[in-house]
Amino acid sequence: MLLASLVLGGKDTGHGGHGHTADGDLGLAWAPVASLRFWVFLLTFGGGAGLALDALGSSATIAAVGAGVIGWVAGERSR
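Treat the numbers as computed from the prediction; the structure is a model and nothing was measured.

Student: When you look at the overall build of the protein in this model, what are you seeing that I'm missing?
Tutor: When you go through the protein residue by residue, the secondary structure sums to 3 helices and 0 strands. Counting helices and strands in the order they occur from the N terminus, the protein gives α-α-α. Looking at the 79 residues of the protein, the share that counts as buried comes to 20%. Across the protein, contacts joining residues at least 24 apart in sequence account for 63% of those joining residues at least 6 apart. Accessible surface, the protein: about 5700 Å² in total, of which carbon and sulfur atoms supply 68%.

Student: Got a minute to help me understand the side chain of Ser35 in this structure?
Tutor: Here Ser35 is to be found in the loop between helix 1 (2-8) and helix 2 (36-55). From its side chain, Ser35 meets the backbone nitrogen of Arg37 in a polar contact 3.3 Å long. Among the polar contacts listed, one links the side chain of Ser35 to the backbone nitrogen of Phe38, at a separation of 3.2 Å.

Student: Can you help me understand helix 3 (residues 60-78) in this one?
Tutor: The end-to-end C-alpha distance of helix 3 is 27 Å, a good match for the 27 Å that 19 residues give at a rise of 1.5 Å each. Tucked into the core, helix 3 has its buried residues touching helix 2.

Student: Just checking my understanding: could you explain the packing of aromatic side chains for this structure?
Tutor: Aromatic rings considered in pairs are described by the distance between their centres and by the relative angle of their planes. This structure, assessed with the given rule, holds 3 aromatic pairs. Aromatic pair Phe38 and Trp39: ring centres 5.4 Å apart, planes at 80°, arrangement edge-to-face. Taking 5.0 Å as the distance between ring centres and 80° as the angle between the ring planes, the aromatic pair formed by Phe38 and Trp72 counts as edge-to-face. With a gap of 34 residues between them, Phe38 in helix 2 and Trp72 in helix 3 connect regions that are remote in the sequence. Owing to a relative accessible area of 0%, Phe38 belongs among the buried residues under this scheme.

Reading the values: rules and limits
- Residues numbered from 1 in each chain as written.
- Predicted model: local features only at pLDDT ≥ 70, side-chain atom pairs only at ≥ 80, totals over all residues.
- Heavy atoms only, no water.
- Helix = DSSP H or I, 4+ residues; strand = E, 2+ residues; numbered from the N terminus.
- Buried < 20%, exposed > 50% of the residue type's maximum accessible area, 1.4 Å probe, protein only.
- Contact = heavy atoms within 4.5 Å.
- Areas by Shrake-Rupley, 256 points an atom, 1.4 Å probe, with all protein chains shown as cover.
- Polar contact = N/O pair within 3.5 Å; in protein donor to acceptor, adjacent residues only side chain to side chain.
- Expected span 1.5 Å × (residues − 1).
- Phe/Tyr/Trp six-rings, centres within 6.5 Å; stacked < 30°, edge-to-face > 60°.

Below, the structure is given as structure tokens:
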């Protein structure tokens with residue numbers, strides 16, 4: 001997933017709308033949860049981080065918080 005994002009990544013889609021609708025309102029483009037790419041990165045990297053933290057012997061709470069933070073950051077950076 002990381003290799004594919006590095007090779008195929010490129011955030012410029014050429015839409016030019018910058019999240020604005022036709023009437024000038026700012027839609028849900030600002031919200032990361034509206035992006036499929038965000039969810040893919042959150043679940044992929046968050047799951048991997050949680051698995052790694054669990055394998056290293058971290059408590060369930062530390063693994064869950066670490067996975068959530070890493071997943072959120074990865075998802076946010078992918079947008």
